[in-house]
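Structural overview for review
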Amino acid sequence: MPYIDKPANPMYNKTHINCIKKKLLEGKSNFMKKHNLDTLSDYEICKRLNSDSKFACTIPTITKLLTPSFNTDLNDEASSINITLVVKLCKLFEIDLNYVLALPEDNTQIPDPIYFGIKAQQLEDEGYMGDFHCYRLTATSASADISFSEAKDTLQTNNHISHSTLEIKPHNNHVIAKMITQNKTTLVDGSERIRYSTLTGEPILYTKTNNILLNLQSEEGEFYTMLFDYQPFDSGPMYYREAIILLSTKGTRYLPLLSKAIITRNEIPERYHDYLSGLLALNTNTIIISKEKVDELINKDSDIATFFDDFNQYKNIWARNFYVIPENIAQNINHHTKLSQLELQKIFLKLRNNSYSKSQVIVGDAYKASVIGKEIQGYVYNVTENVFPDN
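Residues numbered from 1 in each chain as written. Predicted model: local features only at pLDDT ≥ 70, side-chain atom pairs only at ≥ 80, totals over all residues. Heavy atoms only, no water.

As a further point, take helix 2 (residues 42-49). Residues Asp-42, Ile-45, Cys-46 and Leu-49 constitute the buried set of helix 2. The buried residues of helix 2 occupy one face: seen down the axis, they fall within an arc of 100 degrees. Opposite the buried face of helix 2, by more than 90 degrees, sit the exposed residues Tyr-43 and Lys-47. (Buried < 20%, exposed > 50% of the residue type's maximum accessible area, 1.4 Å probe, protein only. Helix = DSSP H or I, 4+ residues; strand = E, 2+ residues; numbered from the N terminus. Arc of directions from axis to C-beta.)

Our focus in this paragraph is the pattern of salt bridges. By the definition in use, this model includes 8 salt bridges. Put simply, Glu-222 and Arg-195 hold a salt bridge, and the shortest N to O gap is 3.9 Å. Here the residue Glu-222 occupies a position in the loop between strand 7 (211-217) and strand 8 (223-229), and Arg-195 occupies one in strand 5 (residues 192-201), the gap between them amounting to 27 residues. Close ionic contact of Glu-242 with Lys-260 constitutes a salt bridge, the shortest N to O distance being 3.4 Å. Taken together, the positions of Glu-242 in strand 9 (residues 240-248) and Lys-260 in strand 10 (residues 256-264) put the pair 18 residues apart, joining distant regions of the chain. (Salt bridge = Lys/Arg side-chain N within 4 Å of Asp/Glu carboxyl O.)

Taken as a whole, this structure holds 9 aromatic pairs when the rule is applied. Ring centres of Phe-307 and Phe-308 lie 5.1 Å apart, and the angle between their planes is 85 degrees; on these two criteria the pair is classed as edge-to-face. The class of Phe-308 is buried, set by a relative accessible area of 15%. When the centroid spacing of 6.0 Å and the interplanar angle of 10 degrees are considered together, the rings of Phe-307 and Trp-318 count as stacked. Linking Phe-307 in helix 8 (residues 302-310) with Trp-318 in helix 9 (residues 315-318), this pair joins segments that are 11 residues apart in sequence. Connected via pairs of aromatic rings, a cluster forms that spans Phe-307, Phe-308, Phe-311, Tyr-314 and Trp-318. Positioned above the aromatic ring of Tyr-99 is the side chain of Lys-23, whose terminal nitrogen or guanidinium carbon lies 4.7 Å from the ring centre. A cation over a ring is seen here: Lys-374 above Tyr-239, with NZ or CZ 4.2 Å from the ring centre. (Phe/Tyr/Trp six-rings, centres within 6.5 Å; stacked < 30°, edge-to-face > 60°. Lys NZ or Arg CZ within 6 Å of the ring centre and 35° of its normal.)

With that settled, consider unusual backbone geometry. Not every positive phi belongs to a glycine, and Glu-94 is a case in point at roughly 60 degrees. Residue placement: Glu-94 occurs in the loop between helix 4 (83-93) and helix 5 (97-101). Its identity as a non-glycine residue notwithstanding, Asn-210 has a phi of 55 degrees, on the positive side. Relative to the helices and strands, Asn-210 resides in the loop between strand 6 (203-206) and strand 7.

Per-chain confidence: the protein averages 78 in pLDDT, with 78% of residues scoring 70 or above. The spread of mean pLDDT over the elements of the protein runs between helix 10 (residues 341-353), the lowest at 80, and strand 7, the highest at 93. Throughout residues 1-7 the model reports pLDDT below 50, and contacts reaching past four residues in sequence, or to other chains, amount to 0 contacts. (pLDDT = per-residue confidence, 0-100. Contact = heavy atoms within 4.5 Å.)

For Pro-104, the position within the fold is in the loop between helix 5 and strand 1 (120-122). We classify Pro-104 as partly exposed; its relative accessible area is 28%. Once the C-alpha coordinates of Pro-104 and Cys-19 are considered, the two residues, 85 residues apart in sequence, prove to be 6.5 Å apart.

The next point concerns the nonpolar core. One finds Tyr-128, Leu-166, Leu-216 and Met-226 to be the most contacted residues of the largest nonpolar core, which totals 38 residues. Put simply, the parts of the chain that give this core at least two residues each are strand 2 (130-137), strand 3 (161-171), strand 4 (174-186), strand 7, strand 8, strand 9, strand 10 and helix 6 (273-279). Contact partners of Met-226, with chain neighbours within four places excluded, come to Cys-134, Met-179, Ile-212, Leu-213, Leu-214, Leu-216, Ala-243, Ile-244, Ile-245, Ala-261 and Ile-263. Counting 22 residues, the second largest nonpolar core, distinct from the first, contains Met-32, Leu-85, Cys-90 and Tyr-99. (Core = buried A, V, L, I, M, F, W, Y, C linked by side-chain atoms within 4.5 Å.)

A separate point is a nonpolar patch on the surface. Together, Phe-307, Phe-311, Tyr-314, Ile-317 and Trp-318 make up a nonpolar patch on the protein surface, roughly 480 Å² of accessible area in all. Take Phe-311: it is sitting in the loop between helix 8 and helix 9. By relative accessible area, Phe-311 is classed as partly exposed at 34%. (Patch = residues over 30% accessible without salt bridge, like charges linked within 9 Å, V, L, I, M, F, W, Y side chains within 5 Å. Areas by Shrake-Rupley, 256 points an atom, 1.4 Å probe, with all protein chains shown as cover.)

Put into structure tokens, the structure is as follows:
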């Protein structure tokens, strides 16, 4: 017996359409909560949708689609629906299309939306959109110690700068950040291989503290978490920011590493990397440097020689004798002492608590750091007026 199609049930179609409308309305409500929006009118929705030159709709069409019937009688419900508008609204409200179009009897659940929190929102300031450059000290040698190196007169153990590009721009009703990093690997034959890694994330602005949080992840599992302060730039785009960055070290163990990063609008020429290394130092309020290193710098850097000539009366006040004690002597059995490794570690904690080591570091408050950061990017600085021209 041949199969004969049954006549379509118009009430079933209306039930499905009404279900789609309710899901869209629910998605709109969640979207407003996520982005801390008190209102989102049909006019504003129409304006956002019509920003796409390939698509156009009217306010009455949107109002009709976002007005489901909450009565059991669906006779007045439309028997057709603008499927293109449904897809566009799903993208705008960040809803799963399969969920919205599912049949009523499927009884699907809306995916849990991601809430930023009541004092957090997507970063939308156009001053922070565009292409940037990010500089930090490399993670490869971050755990290296200087106990047996030639640099025993300095606490600086890592002077290798890593350069990445950072792009922040709107994309599909989101603001997306994309960072491209370069990792150099030295092969057995001495040649270098560069591996590029792409990390993406969404910048979040915390309005209570005016801080921007940026979580970046790659498909390979790499992660960078950056935190820096937010300031509106009325005269032009953001040109300099200091950030705390959390990542992992390289090697056999990928340990959490807290470091400092600099974000600039323009790429910094290599001739200014000495300044850049200073900006990346965590110990920002006090410079700890040995007499031997100062004498060495005076002999080869005329600017430093002039500084110590001008402040010669303070040299004796500033002078200190200090020890550079490598903590890795507690990692292996040491024949110079009867102290156990655990006892050595406890002693190191007492020493560290009385050392020049800082317990906390505030990033972004270094005096005139933004001035130097702008200058080494090639911006013109008006020394007379002590201000920058508008970007």
